[in-house]
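# Coordinates in review
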Amino acid sequence: MEQEDQASIIIDDGGEILDTGMKQLANDTNVVAIHKNIRSTLYMQARFNAFKSCIDAVRERRGDRNVKNGWYGASKQEILHIISYGFSRCNGQSRGVGVYLSTSKFVLQTFPSTTEDENGLRHTLLCFVEMGKMELIRAGSKQIYPSSVEFDSGVDNLEDPSRLVVWSAYMNSFILPIYIVSFKAPSFSIVSLREQINEVRLGGEMLSCAALFPIMVKVFGLARGGMICKSLDKHRKCKINRDQMIQSLKRIIGSDPILISVIKASLGKLAVRAPNRAGGSRGNN
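Report on the accompanying structure.

The rules behind each value
Residues numbered from 1 in each chain as written. Predicted model: local features only at pLDDT ≥ 70, side-chain atom pairs only at ≥ 80, totals over all residues. Heavy atoms only, no water. Buried < 20%, exposed > 50% of the residue type's maximum accessible area, 1.4 Å probe, protein only. Helix = DSSP H or I, 4+ residues; strand = E, 2+ residues; numbered from the N terminus. Pairing = 2+ DSSP bridges. Salt bridge = Lys/Arg side-chain N within 4 Å of Asp/Glu carboxyl O. 1 Å grid on protein atoms, 1.4 Å probe; cavity = no way out; pocket = protein on both sides within 12 Å on 5 of 7 lines; lining within 4 Å. Points joined across faces, edges and corners; volume = space filled by probe spheres on them. Nonpolar A, V, L, I, M, F, W, Y, C, P; charged D, E, K, R; others polar. Axes fitted to C-alpha atoms, helices over the stretch in contact; angles between N-to-C directions. Parallel < 35°, antiparallel > 145°, perpendicular 65-115°, else oblique. Left-handed = near helix turned anticlockwise from the far one by under 90°. Contact = heavy atoms within 4.5 Å. Phe/Tyr/Trp six-rings, centres within 6.5 Å; stacked < 30°, edge-to-face > 60°. Lys NZ or Arg CZ within 6 Å of the ring centre and 35° of its normal. Polar contact = N/O pair within 3.5 Å; in protein donor to acceptor, adjacent residues only side chain to side chain.

Burial within strand 4 (residues 122-130) is extensive, with 9 of its 9 residues counted as buried. Taken together, the 8 bridges between strand 4 and strand 8 (residues 175-184) define a ladder with antiparallel strand orientation. From the neighbouring strand, Phe 128 faces strand 8, where its bridge partner is Leu 176.

Below is the structure:
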């Protein structure tokens, strides 16, 4: 099929599209394996034939096909079930109830749906999606079918969609999984942590423990955020050395090396004294 040649081009790029779509996670994302859906059973072949029939029907009805590349993130187990048996659930409802896939430019949107497997890998499906004629689905919509016979699928933006919405009635005929892409990436909390630190960092100035506390609470919750800041404060006051502080962080948040490195990097931005919120730069600790 012509679409298969298109997928081969995408995969031959060595995961560049995945890396680009991962945006702020790109530097820490490593594509480990790419597995093609070889349609090894009669049921898999039947779904391939159903997709081909869908394309032909859209071309006959609309005058042309409208096949997009869509990414679907999930656990390893769910992805294997989809490959073997097809889609069985709707994974989104913020813009209608349906199967949500992300366009290549916005792959990062699928990341929260991925989970690490026993080898520390995350997985996402690269699919062909026959969109037919698309309609704009507003946020908060409870739609479950096309609004009329004029439309086939939905998007969040007609000009530059980030999210493709396929209604449940069409999910195993409009969507064809082509590849499983397995990759390593840091936990999403790292991205959030970096973004929060960058928001309060002004002109490269140093951060105080007082400034870091609400960031840690927002990312890790009140209990763990407070424990992290307490450990950082003890290190800043020379009550514990750097190695002891790192071991303390690992006990609180685990041994994720990238997450630890982000927090360690913030140490260089810690002020010697917390700012006095009543005014001035001197204060008690």
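Let's shift gears to the pattern of salt bridges. What the rule picks out here adds up to 10 salt bridges. With a closest N to O distance of 3.5 Å, Asp 152 and Arg 61 form a salt bridge. A residue pair is termed long-range when its members are at least 10 positions apart, and Asp 152 in the loop between strand 5 (134-136) and strand 6 (153-155) and Arg 61 in helix 3 (residues 42-62) qualify at 91 residues. When its relative accessible area of 6% is taken as the criterion, Asp 152 is described as buried. The residue Lys 237 makes a salt bridge to Asp 233 at a minimum N-O spacing of 3.1 Å. Three or more residues are tied together by salt bridges with common partners; here these are Lys 52, Asp 56 and Arg 59.

Before going further, it helps to examine the pairing of strand 8. A large share of strand 8 lies buried, amounting to 9 of its 10 residues. Here strand 1 (residues 30-36) pairs with strand 8 via 6 bridges, running antiparallel. Of the residues in strand 8, the one forming a bridge with His 35 is Ile 180.

This brings us to empty space enclosed by the protein. A water-sized probe, rolled over the atoms, reveals where empty space remains. This structure, assessed with the given rule, holds 2 cavities of 30 Å³ or more. Roughly 100 Å³ of internal volume is contained in the largest cavity. Lining the largest cavity are Asn 37, Met 44, Arg 47, Ile 82, Ile 83, Gly 86, Phe 87, Asn 172, Ile 175, Leu 176 and Pro 177. Secondary-structure elements contributing two or more residues to the lining of the largest cavity are helix 3, helix 4 (76-85) and strand 8. The biggest single contributor to the lining of the largest cavity is strand 8, with 3 residues. Of the residues in the lining of the largest cavity, the class split is 7 nonpolar, 3 polar and 1 charged.

A few words on the packing of helix 7 (residues 209-220) against helix 8 (residues 222-236). Geometrically, a packed helix pair is captured by the angle between its two axes and the distance between the axes. At a minimum axis separation of 7 Å, helix 7 and helix 8 run at an interaxial angle of 150°. Of the possible angle classes, the one that applies to helix 7 and helix 8 is roughly antiparallel. Our pair here, helix 7 against helix 8, has a crossing hand that is right-handed. Packed against helix 7, whose contacting residues are Cys 209, Leu 212, Phe 213, Met 216, Val 217 and Phe 220, the element helix 8 presents Leu 222, Arg 224, Gly 225, Gly 226, Ile 228, Cys 229, Leu 232, Asp 233 and Arg 236 at the interface. Taken together, the residues of the contact of helix 7 with helix 8 sort by class into 10 nonpolar, 2 polar and 3 charged.

We now examine the packing of aromatic side chains. A complete count under the given rule lists 2 aromatic pairs for this structure. Note on Tyr 72 and Phe 87: the rings are 5.2 Å apart at their centroids and 80° apart in plane angle, and the pair reads as edge-to-face. Highlighted residues: Tyr 72 in strand 2 (residues 67-74) and Phe 87 in the loop between helix 4 and strand 3 (98-102), separated in sequence by 15 residues. Judged by relative accessible area, Phe 87 falls into the buried class, the value being 5%. With 4.6 Å between their ring centres and 10° between their planes, Tyr 170 and Phe 174 make a pair best called stacked. On the basis of relative accessibility, which here comes to 28%, the residue Tyr 170 falls in the partly exposed class. The ring centre of Phe 48 lies 3.9 Å from the NZ or CZ of Arg 39, which sits over that ring.

What follows is about the environment of Val 32. Locating Val 32 in the fold gives a position in strand 1. For Val 32, a relative accessible area of 45% puts it in the partly exposed group. Along the primary structure Val 32 and Arg 122 are separated by 90 residues, whereas in three dimensions their C-alpha atoms are 9.6 Å apart. Once you skip the residues sitting within four places of it in the chain, Val 32 turns out to touch Leu 121, Ser 182, Phe 183 and Lys 184.

Okay, unusual backbone geometry next. Even without glycine at this site, Arg 39 takes up a positive phi of about 55°. Within the fold, Arg 39 resides in the loop between strand 1 and helix 3. One non-glycine residue, Cys 238, adopts positive backbone phi at about 65°. Relative to the assigned elements, Cys 238 resides in the loop between helix 8 and helix 9 (242-253).

Moving on to the environment of Asn 91. Tracing the chain through its elements places Asn 91 in the loop between helix 4 and strand 3. Through-space distance from the C-alpha of Asn 91 to that of Ala 74 is 9.5 Å; in sequence the pair is 17 residues apart. With residues near it in sequence (within four places) discarded, Asn 91 still touches Tyr 72, Gly 98, Val 99 and Tyr 100. Here the side chain of Asn 91 touches Tyr 100 through a polar contact of 2.6 Å, landing on its backbone nitrogen.

Everything listed is a geometric property; what it means functionally is a separate question.
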